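Each chain is listed here by its residues.
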Amino acid sequence: MPDAELELVSHHLCPYVQRAAIALAEKGVAFTRTYVDLADKPAWFAAISPLGKVPLLKVRQAGRTHVIFESAVICEYLDDTLAPRLHPEDPIARAKHRAWIEFASATLNDIGGYYGAPDGAAFERKAGDLRAKFGQLEGVLDATGPFFAGARFSLVDAAFAPVFRYFDVFETFLAPGVLDHLPRVAAWRDTLAGRPSVRGAAGADYPARLGLFLRRRGSHLSGLMPAA
Ligand SMILES: N[C@@H](CCC(=O)N[C@@H](CS)C(=O)NCC(=O)O)C(=O)O
């Protein structure tokens, strides 16, 4: 991608945006970020985002601007064009990684159901769904780590780091039940939390922003938060 200018159209809390930001940082490439208010989408954004969603990657190259949407596609594009490779070379391993990135998206959907659950019963159901998913991960994580597939950071790691970032905030006021008794997942989570690309993917104000967002949900979880 010689001489391309990259702009990541973002939202402060979006976990899918974080995937792309992590991949960009792992590639060591310069990029700018533009933040969109998803509650009041600007016209320029609506005009270029076919699904009305972030992230978008704007690629300015040879006098043209290309807009790429969908985080998985953005990450694949970055991996096709910039070193180091974050997907495995082996096609079977690569297919499995893509599948586990889908699994990360399903986990994010469960997290949305968890923090949005209207009552205790729905909340416990979603906690159970999440516990089951993290249990499955415990069974597939590389035995020696420190990353999903062993020594090398991959796009699967980029997809799960934002998943764990939610729990860093949840666990400031909730017992860590969903992630209990999963030693490999716990070690993986710690490693990802210390990775510079992961640390830089969200702002220092992320916990405060997420806290405010959660408090305003009016959900079961909102009611478990301490008074502001
Ligand atoms: N499948 C999409 C999901 C992206 C997504 O859901 N983005 C959310 C924010 S995290 C969004 O932009 N939602 C638009 C809206 O709320 O109207 C991807 O992987 O990029």
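Reading the values: rules and limits
- Residues numbered from 1 in each chain as written.
- Predicted model: local features only at pLDDT ≥ 70, side-chain atom pairs only at ≥ 80, totals over all residues.
- Heavy atoms only, no water.
- Phe/Tyr/Trp six-rings, centres within 6.5 Å; stacked < 30°, edge-to-face > 60°.
- Helix = DSSP H or I, 4+ residues; strand = E, 2+ residues; numbered from the N terminus.
- Buried < 20%, exposed > 50% of the residue type's maximum accessible area, 1.4 Å probe, protein only.
- Lys NZ or Arg CZ within 6 Å of the ring centre and 35° of its normal.
- Pairing = 2+ DSSP bridges.
- Right-handed = clockwise from strand over helix to strand, strands pointing away.

**Thoughts on the packing of aromatic side chains**
Item 1. Tallied over the entire structure, the rule returns 16 aromatic pairs.
Item 2. Ring geometry for phenylalanine 134 and phenylalanine 167: centres 5.6 Å apart, planes at 85 degrees, overall edge-to-face. One end of the pair, phenylalanine 134, is in helix α5 (residues 120–140); the other, phenylalanine 167, is in helix α6 (residues 155–170), and 33 residues separate them in sequence.
Item 3. Overall, phenylalanine 167 belongs to the buried group, its relative accessible area being 2%.
Item 4. The ring of tyrosine 206 has arginine 165 lying over it, and the distance from NZ or CZ to the ring centre is 5.6 Å.

**Focus: the pairing of strand β1 (residues 5–10)**
Item 1. In terms of burial, β1 is a largely internal element, 5 of the 6 residues being buried.
Item 2. One ladder, built from 5 bridges, connects β1 with strand β3 (residues 56–61); its direction is antiparallel. In the strand pairing of β3, glutamate 5 is matched with arginine 60.
Item 3. Strand direction decides the pairing type here: β1 and strand β2 (residues 32–35), joined by 4 bridges, are parallel. Considered in β2, the bridge of glutamate 7 is made with threonine 32.
Item 4. As for the winding sense of the linkage, the β-α-β connection from β1 through helix α1 (residues 15–27) to β2 is right-handed.

**Considerations on unusual backbone geometry**
Item 1. A cis amide bond links valine 54 to the next residue, proline 55, at an omega of 0 degrees.
Item 2. Along the polypeptide, proline 55 turns up in the loop between α2 (43–48) and β3.
Item 3. Of note, glutamate 70 is a non-glycine position whose phi angle comes to about 80 degrees, a positive value.
Item 4. Along the polypeptide, glutamate 70 turns up in the loop between β4 (64–69) and α3 (71–81).

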